[in-house]
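# Residue-level structural notes
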Amino acid sequence: MAWFLGLGIAGVVLLVLSLVFDGVLEGLFDGVDVLDGLFDGWLSLPVIAGFLSMLGFSGAIAMGTTGVGAVGATVIGVPAGVGTGWLAYRLSRALMSDRSGAAPRDDDLIGASGSVVTAIPAGGYGEVLVHLAGQPVKLAAKSSAPVARGAEIWVEETLSQTSVSVRLVER
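Notes on the structure in this doc start here. Small disclaimer: the values here were computed from a predicted structure and weren't measured.

When you go through the protein residue by residue, the secondary structure sums to 4 helices and 5 strands. Taken over 171 residues, the protein has a buried fraction of 27%. About 10,800 Å² of surface is accessible on the protein, with carbon and sulfur atoms providing 64% of the total.

Here is the structure:
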């Protein structure tokens, strides 16, 4: 049972080390083309740590509660370790592909409401203050009709990264 507890503890220590020294193992083998990308998937440290810790702890629990030998504990521990490694792999892939923190794009401005900071002459440029993702954004604005300072507007289209076409909000 001590071997299985040792494996479980080693897995937890490996997991902590993988969190503290993130990317170090990958960086050690940067110049070796054969190993390129090997540590990004199934052989990543979190997956190996999950496998080892679950193999060890479930094997120790099986030995302690049912009295099975080392072979029986291994038979119970290996599928549990594989399942935990698979879950660690899937979770890390989901976290790596998450795009929720992406910066807003120009198209995200379309339909946003705001107010005119500097009056917009017909066919000319003025300035508007638009709230995007909870942050105030000051932009140059163009309108086909004159829009007075303080008027509420809607962004119709983006002309560039810093310029938009606006429409006066009808009341």
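Having seen it, we continue.
Further remarks concern the environment of Ala151. Here Ala151 shows up in the loop between strand S3 (135–142) and strand S4 (152–160). The buried category is assigned to Ala151, whose relative accessible area is 16%. For the pair Ala151 and Ala119, spaced 32 residues apart in sequence, the C-alpha to C-alpha distance is 8.7 Å.

Here we take up the nonpolar core. Leu109, Val116, Ile120, Val128, Val130, Val164 and Val166 are the most contacted members of the largest nonpolar core, which has 15 residues in total. Mapped onto this core, the elements with two or more residues apiece are strand S2 (125–132), S3, S4 and strand S5 (163–168). The element best represented in this core is S2, accounting for 3 residues. The residues contacting Val130, other than those within four sequence positions of it, are Leu109, Ala112, Ser113, Gly114, Gln135, Pro136, Val137, Leu139 and Val155.

This paragraph deals with the side chain of Ser58. Its location among the elements puts Ser58 in helix H3 (residues 45–66). Among the polar contacts made by the side chain of Ser58, one reaches the main-chain carbonyl oxygen of Met54 at a distance of 2.5 Å. In contact with Ser58, not counting residues within four places along its chain, are Ile76, Gly77 and Ala80.

Let's shift gears to the pattern of salt bridges. Counted under the stated rule, the structure contains 1 salt bridge. The shortest N-O distance in the salt bridge between Lys138 and Glu127 comes to 3.5 Å. With Lys138 in strand S3 and Glu127 in strand S2, the pair connects residues that are 11 residues apart, well separated along the chain. When its relative accessible area of 52% is taken as the criterion, Lys138 is described as exposed. Residue classification places Glu127 among the partly exposed positions, given a relative accessible area of 29%.

Parameters and conventions
Residues numbered from 1 in each chain as written. Predicted model: local features only at pLDDT ≥ 70, side-chain atom pairs only at ≥ 80, totals over all residues. Heavy atoms only, no water. Helix = DSSP H or I, 4+ residues; strand = E, 2+ residues; numbered from the N terminus. Buried < 20%, exposed > 50% of the residue type's maximum accessible area, 1.4 Å probe, protein only. Areas by Shrake-Rupley, 256 points an atom, 1.4 Å probe, with all protein chains shown as cover. Core = buried A, V, L, I, M, F, W, Y, C linked by side-chain atoms within 4.5 Å. Contact = heavy atoms within 4.5 Å. Polar contact = N/O pair within 3.5 Å; in protein donor to acceptor, adjacent residues only side chain to side chain. Salt bridge = Lys/Arg side-chain N within 4 Å of Asp/Glu carboxyl O.

Coordinates in, geometry out; function isn't part of it.
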